[in-house]
Amino acid sequence: ENNVFLDKCVNRNYYDLVIEEKKQEINKKIMAANLEGRVLSLDEFGEKKPQKVEKEKKEYVKQHFDRYIEELEATDHIKNARYYRCCLNCLMAFTKGTDIELKSIDTVFLNDFATWMKVKKRLRMNTIGNRLRGLKAVINRAVVSKTIPADMNPFNEFKVSKYKEETSKRAILKQDIERIINLDLKSISDENTFPLYDFARDIFVFSYLGCGINIVDIAFLKYANVIDNERLQFRRSKTKKMISFRLQPMAKDIIKKYSKKKHKQTDYVFPIFDDTKQKTMKEKYYKLDYQTRYVNKYLKKIGEYLDISLKLTSYVARHSFATILKNSGVNISLISEMLGHTDLKTTQIYLDSFKNTQMEAAM
């Protein structure tokens, strides 16, 4: 009650002395502050407590890859999500399953990673470049979010562009296209395999006659994209660019061949997807992968039978469409427009939207 120690307190005199010294120390601080014409702050009055030093939060590569992949899947960018998953798997194979800190990736690490892909995995230069670009994108995102400082980005010095080589020829001659169209498939198939050969060829021919439309866009075509049975109008899944062109007679026949009697505008043109079975975009892309493997398997057999030197795939139709037009003297910029490209800088600088009459004349 009196703010003093009781008589029975052990070492009472010592404690009284400590308190008295503390009072004098505080009074000195108060007097010094008064002489300076200011009020004593609480920090000065008491003893400062040592502040806790927060441990630096460690940021790991896999964590950032997984986060980005989840974002892509949530927004139905399934193909991109799978690409980054592939890049991550390759990186984790290099580190033998050990997750690594973002800040530990430097130019030495990147050179070692690239060498490992080339020597151990025997990947092609373009594939190595693709894997590195995936890692670069994730690190760039970390810089933008200020997870790591910009000056710690190893890709400021390490150039991915050097991991690039000219791709091999993926186009065939117009005569070969005609041979594929005119081939009697019964000569290389039986009752069970004929529908598989037939479907594979239809996809190839439709792609060639349809401005080089790729198999992804073919799969997602709906009857709403077929305008008055005369035109095809759709948005490319990759670039989101609108494509519109007049259907060639044989392309019309292929659509009619797979047409349902009482189809709706929301029904798919080709029998690849079934919304009752593939309900999510992820399921659709898995089904498309499965279907594409079969299409390419039987196209390869057709190519081998016709003694076409190039391995026949659905993508060969797209390349052949562009190459044959180029060799026929069609302007490269117009071809770029027809293919739905947006990343051809040399043509996009002056490229404007061409009139449909020009596209139709070229086709």
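Above this text is the structure in question.
Fair warning: this is a prediction, and the values are worked out from it, not measured in the lab. (Residues numbered from 1 in each chain as written. Predicted model: local features only at pLDDT ≥ 70, side-chain atom pairs only at ≥ 80, totals over all residues. Heavy atoms only, no water.)

Structural notes on a nonpolar patch on the surface
To keep things clear, this is the line we draw: What makes a patch is a set of residues exposed beyond 30% relative accessible area and free of salt bridges, joined within 9 Å when like-charged and within 5 Å when nonpolar (Val, Leu, Ile, Met, Phe, Trp, Tyr). Surface exposure here means Shrake-Rupley accessible area, sampled with a 1.4 Å probe, where a residue is shielded only by the protein chains that are shown. Salt bridge criterion: a side-chain nitrogen from Lys or Arg within 4 Å of a carboxyl oxygen from Asp or Glu. A run of DSSP states H or I qualifies as a helix once it reaches four residues; a run of E qualifies as a strand once it reaches two. Both are numbered from the N-terminal end. A 1.4 Å probe rolled over the protein chains alone gives each residue an accessible area, and that area as a share of the maximum for its type sets the label: buried under 20%, exposed over 50%, partly exposed in between.
Nonpolar side chains collect at one region of the surface, where Y14, Y15 and V18 lie side by side and expose about 300 Å² of accessible area between them. Following the sequence through the fold, Y14 ends up in helix α1 (residues 12-35). Given a relative accessible area of 54%, Y14 falls into the exposed group.

Focus: helix α12 (residues 314-327)
Our working definition: One less than the number of residues in a helix, times 1.5 Å, gives the span that helix is expected to have.
Over its 14 residues, α12 runs 21 Å from end to end, which matches the ideal 20 Å to within 8%, given 1.5 Å per residue. Listed in full, the buried residues belonging to α12 are S314, V316, A317, R318, S320, F321, A322, I324 and L325. Positive phi appears at G329, one or two residues downstream of α12, with a value of about 95 degrees.

Notes on the nonpolar core
How we decide: Think of a nonpolar core as a cluster: buried Ala, Val, Leu, Ile, Met, Phe, Trp, Tyr and Cys residues, connected wherever their side-chain atoms sit within 4.5 Å. Only heavy atoms enter the contact rule, under which two residues are in contact if any of them lie within 4.5 Å.
Membership of the largest hydrophobic core comes to 60 residues, with the highest contact counts inside it found for F204, F206, L232, F270 and I302. If sequence neighbours within four positions are ignored, F270 has contacts with F199, I203, F206, I218, L221, I254 and Y258. Counting 34 residues, the second-largest nonpolar core is a separate cluster that includes F65, M92, M117 and V160.

Some remarks on the packing of helix α8 (residues 194-209) against helix α11 (residues 281-305)
Packed helices, taken two at a time, are described by the angle between their axes plus the distance between the axes. In plain terms, the rule: For helices, the fitted line uses only the C-alpha atoms of the stretch in contact; every axis is such a line through C-alpha atoms, and the angle between N-to-C directions lies from 0 to 180 degrees. In these notes the angle categories are as follows: under 35 degrees is roughly parallel, over 145 is roughly antiparallel, 65 to 115 is roughly perpendicular, and the rest is oblique. The classification used treats Ala, Val, Leu, Ile, Met, Phe, Trp, Tyr, Cys and Pro as nonpolar, Asp, Glu, Lys and Arg as charged, and all other residues, Gly among them, as polar.
With their axes 8 Å apart at the nearest point, α8 and α11 run at an angle of 95 degrees to one another. Our classification of the angle between α8 and α11 gives roughly perpendicular. Only Q291, V295, Y298, L299, K301 and I302 of α11 make contact with α8, whose side of the interface consists of L196, Y197, F199, A200, R201, I203 and F204. Classifying every residue of the contact of α8 with α11 gives ten nonpolar, one polar and two charged.

Some points on the environment of S145
For clarity, the cut-off: Between N or O atoms, a polar contact is any pair within 3.5 Å; within protein, one atom must be a potential hydrogen donor and the other a potential acceptor, and residues adjacent in sequence are included only when both atoms are from side chains.
Within the secondary structure, S145 sits in the loop between α6 (125-144) and α7 (174-182). Engagement of the side chain of S145 in a polar contact is seen with the side chain of T147, the distance being 2.8 Å.

Considerations on the pattern of salt bridges
Counted according to the given criterion, the structure contains 15 salt bridges. Between E25 and K22 there is a salt bridge, with the nearest N and O atoms lying 3.9 Å from each other. Here K22 and E25 lie together in helix α1, a separation of three residues that amounts to about one turn. On the accessibility criterion, E25 (36% relative accessible area) is partly exposed. By relative accessible area, which is 33% here, K22 ends up partly exposed.

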